[in-house]
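Coordinate analysis (summary)
If you want the building blocks of each chain, they are given just below.
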Amino acid sequence: MAETEYDVCIVGSGAGGGMAAWALTRAGARVVMLEAGPAWYASRESTMLQPAHATPRRGRSTRTRPFGEHDACDGGWEIDGEPYTRAPGTQFDWWRARMLGGRTNHWGRISLRFGPRDFKPRSHDGLGDDWPISYADVAPYYDRVDDLIGIFGSVENRPNDPDSRFLPAPAPRAYELLVKKASDAMGIPCIPARLSILTKPLNGRPACHYCGHCNRGCSVKANFSSPDVLIAPALATGKLTLVTDAMAREVSTGANGLATGVHYVDTRTGEDRHVKARVVVLAASACETARLLLNSRSPAHPQGIANQGGVVGKYLTDTTGTDVAGFIPAMVDLPPGNEVGVGGGHVYMPWWGDNAKLGFPRGYHIEVWGGRGEPSYGFMGGIHRYPGGGGYGAKLKDDYRRYWGATIGFSGRGEMIPNADSFCELDPTVVDRWGIPVLRFHWKWSDHELNQVKHMQETFRALVASMGGQVFSDMPTKAQGYGIAPGGRIIHELGCVRMGTDPQTSALDANCRAHDCRNVFVADGGPFVSQADKNPTWTIMALAWRTADFITAARTRGEL
Amino acid sequence: MTVSRRTALKVLGAASAAAVVPPALGAAVAAPDAAAAAPPPKPWKPAFLTASEVRTLRVLADDIIPRDGRSDSATEAGAIEFVDFHLAVPETTEATRVQWRGGFRWLDAEARRRFGRRYAALAERERHAILDDLAWPDRVKPEFRAGSAFFVRVRDLVAAGFFSSRMGHEDLRWQGAAQGEWHGSPQPIMDRLGVSLSLMDTRIPTK
């Protein structure tokens, strides 16, 4: 029997793969999707409402669920049998999901559009590079993503933080209003958060019931995850064939250099398999896609696909991050009451500074957290840092009650500029358990990032102080990188298969198509030319939809 | 079809009722104080702690979180079993386990040095005399630093075991997930913090 030939093979089922599958199947293409992990739908398997005391672990993390046993996402910085390596003296931690929906099962649903300046950073300050497309090219797709998936927020008309087509934002919690007050006094804008959680019913999905457990996956689909919101509808068209437990090895090419399909390993049997397709869309996550391209060597592509300029793996970035938490005496012994809200902050602070007057060129946004969360493993650890100083007995027991939730924390999430010392490449000798050569990472922060993170630390400490609070930790020193999280820890790897107009300095064209292979596309974070200080999911989906439309139009014209 | 919030909540209610919720850890084990309760529970076998360490921890845990007018003590909430479980799981490092094992030894050695008996055999006044030297790390004397570090570990884990239990949730008036509606924080909390939703009406001008 002849091998089935699909119109499109998509590798990966997260934000980009799910979006591409949704758009391509609706346009009538016969699509096969390869996912390295098993099937998983929050609507069937989430432990959304289970209380902490229902399990002996009480929510503590496990090896494959580093964000807690109930976190929806199976994955982590270390996966058994799937190593990666680091150049001596450098640290980059690579987070990977291994399940249907990928990281859309994990993320905080913060859904920020990139702004006009984020697409043209070099024109603005001479650093990094401009994208070959502008905000106006992506805006219609942001609109469509808003309308299909749903996002709450507020219209603010800020120049580089474009508004979405928002559902109403939930009212801020009391302590978030305290933060607003402190922000006002410091001249920092504090506005409603922008999260892909439904505050009104949308497209057959109900509004949020405010259990606060978005990270566990939503049983009623009131927040966004790829399996329930994109893949299930794509499967319902009858056009999508989903192959789970399928670890992609390389893109196969014919004598003419065009892709013919994808080789993969069936991880349940260990057998090598191949799927034939006329078009290949890689959406395996930025670094995994770079690895696939580098491993796809053939006479027509001796350095791998999209790599004639040697840029696949280069220009890798992650978001900068640091956190500061403080004890807020005003919040001691508050009356009991429900302050759960959605599974995330109800306010945030978009970048407000004038970089021309600061010692760093790019900005960051601030995420706010605090108050009373479900008492779980780790509850109030380090009680001796509170004013009681520790103790034992009846007084201590009462201190726990009084101090519980009397904290506010800030997380900075900032833009990193691509640099020549931060990239990934194939390790020349190491393979994973499937025999696939693995990635080796190189990493270095520049002063652009370190000075920015210093500013975060100083700002967060000033915010805590202005609320009358005390910070739990000392200001980190320059030798400590001002508290910057190691590369990869914020899980926003972008840019190592970047788009551009010049095949010598970019891997993809302005439609996310390989310069040197006209039926290979990328639909994850790989094509990004800049990081921005915006969480990338919304832009990944807008670009994936745009790429899917380009493929559909080319197929209609008989070009693919 | 649009699923209404009411329908969703109904589904949620059904789902949570049908969910397989394992019995709370405290109820699944034979806490000696509850031994008289029927039906007779299976005897608990520690996965990490020795019998001697369990004896010490029962006394120490209730010194840390005693029964009071609002709730029972740490042992009654299953904190001993919680501590043992978490010391045994693979996520706890061998180095941490050594600090626990050695910490129990340190405590008994200190109890014998001062009062000639192990910690669990001391009178409350004697135990408190030792804890007074350990429980406030910022003012601990150099010779009690190691003992204090152990005590901090015990306090953190025992308190987490107590407050993450059903009893702890009730003690804290934690209302749980699935609230259904959200219109902002309750007014008494807003009043105490001196905030109102109108704070959101102002904006910092964009530069």
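Everything quoted here is computed from the prediction, not taken from an experiment.

Below, the discussion takes up the pairing of strand β10 (residues 272-282) of chain A. Residue and element names in this part refer to chain A. The pairing of strand β1 (residues 5-11) with β10 spans six bridges and is parallel. Bridge pairing in β10 links V11 to L282. Examined bridge by bridge, strand β9 (residues 259-266) and β10 share five bridges and lie antiparallel to one another. Along β10, the bridge assignment pairs V262 with V275. Turn length for the β9-β10 hairpin, with the two strands adjacent in sequence and antiparallel, is five residues, and the turn residue G270 shows positive phi of about 80 degrees.

All right, on to the interface of chain A and chain B then. Opposite the 72 residues of chain A that make contact, chain B presents 69 residues. At the level of elements, α6 (174-186) and α9 (393-403) of chain A are the ones that each hand at least two residues to the side of chain A that touches chain B. At seven residues, α6(A) tops the list of elements feeding residues into the side of chain A that touches chain B.

With that settled, the discussion passes to the sheet that holds strand β15 (residues 423-431) of chain A. Residue and element names in this part refer to chain A. Strand order in this open sheet of three strands is β4-β16-β15, and the pairing throughout is mixed. The strands lining the two open edges of the sheet, one partner per strand, are β4 (85-86) and β15. Sheet topology note: the β4/strand β16 (residues 437-442) ladder contains two bridges and is parallel. Across the sheet, residue R86 finds its bridge partner in β16, namely F441.

What follows deals with the sheet that holds strand β14 (residues 407-414) of chain A. Pairing between sheet strands relies on hydrogen bonds along the backbone, with the strands arranged either parallel or antiparallel. All names here are of chain A. Reading across from one edge, β6-β12-β13-β14-β11-β17 is the order of the six strands in this open sheet, with antiparallel pairing throughout. Either end of the sheet is taken by a strand with one partner, and the two such strands are β6 (191-192) and β17 (470-471). In this structure, strand β13 (residues 364-370) lies alongside β14, joined through seven bridges in antiparallel fashion. Residue pairing in the sheet places H365 in a bridge with R413 of β14. On the sheet, α6 packs against β12 (347-349), β13 and β14 and is oriented at approximately 25 degrees with respect to β12.

Residues other than glycine predominantly adopt negative phi, and peptide bonds predominantly adopt the trans conformation. All names here are of chain A. Backbone geometry places S285, a non-glycine residue, at a positive phi of 95 degrees. Relative to the assigned elements, S285 resides in the loop between β10 and α8 (286-294). Even without being a glycine, A306 presents a positive backbone phi close to 70 degrees. Tracing the backbone through its elements, the reader meets A306 in the loop between α8 and β11 (320-327).

Bringing the environment of H53(A) into the picture now. Checked against the element boundaries, H53(A) lands in the loop between α2 (42-45) and β3 (75-76). Spatially, the C-alpha atoms of H53(A) and G393(A) are 23 Å apart, while their sequence positions differ by 340 residues.

Quick look at the packing of helix α1 (residues 15-26) of chain A against helix α11 (residues 537-556) of chain A now. Residue and element names in this part refer to chain A. Relative to each other, α1 and α11 sit at 35 degrees, their axes nearing to 8 Å. Judged by the sense of rotation from one axis to the other, the crossing of α1 with α11 is right-handed. From α1, A15, G16, M19, A20, A23 and L24 reach across to α11, where they touch T537, I540, M541, A544, W545, T547, A548, D549, I551 and T552. Of the residues that constitute the contact of α1 with α11, the class distribution is 11 nonpolar, four polar and one charged.

About the thresholds
- Residues numbered from 1 in each chain as written.
- Chains lettered and ligands numbered in written order.
- Predicted model: local features only at pLDDT ≥ 70, side-chain atom pairs only at ≥ 80, totals over all residues.
- Pairing = 2+ DSSP bridges.
- Helix = DSSP H or I, 4+ residues; strand = E, 2+ residues; numbered from the N terminus.
- Contact = placed C-beta atoms within 7 Å.
- Axes fitted to C-alpha atoms, helices over the stretch in contact; angles between N-to-C directions.
- Left-handed = near helix turned anticlockwise from the far one by under 90°.
- Nonpolar A, V, L, I, M, F, W, Y, C, P; charged D, E, K, R; others polar.

Treat this as a map of the structure, not an account of what it does.
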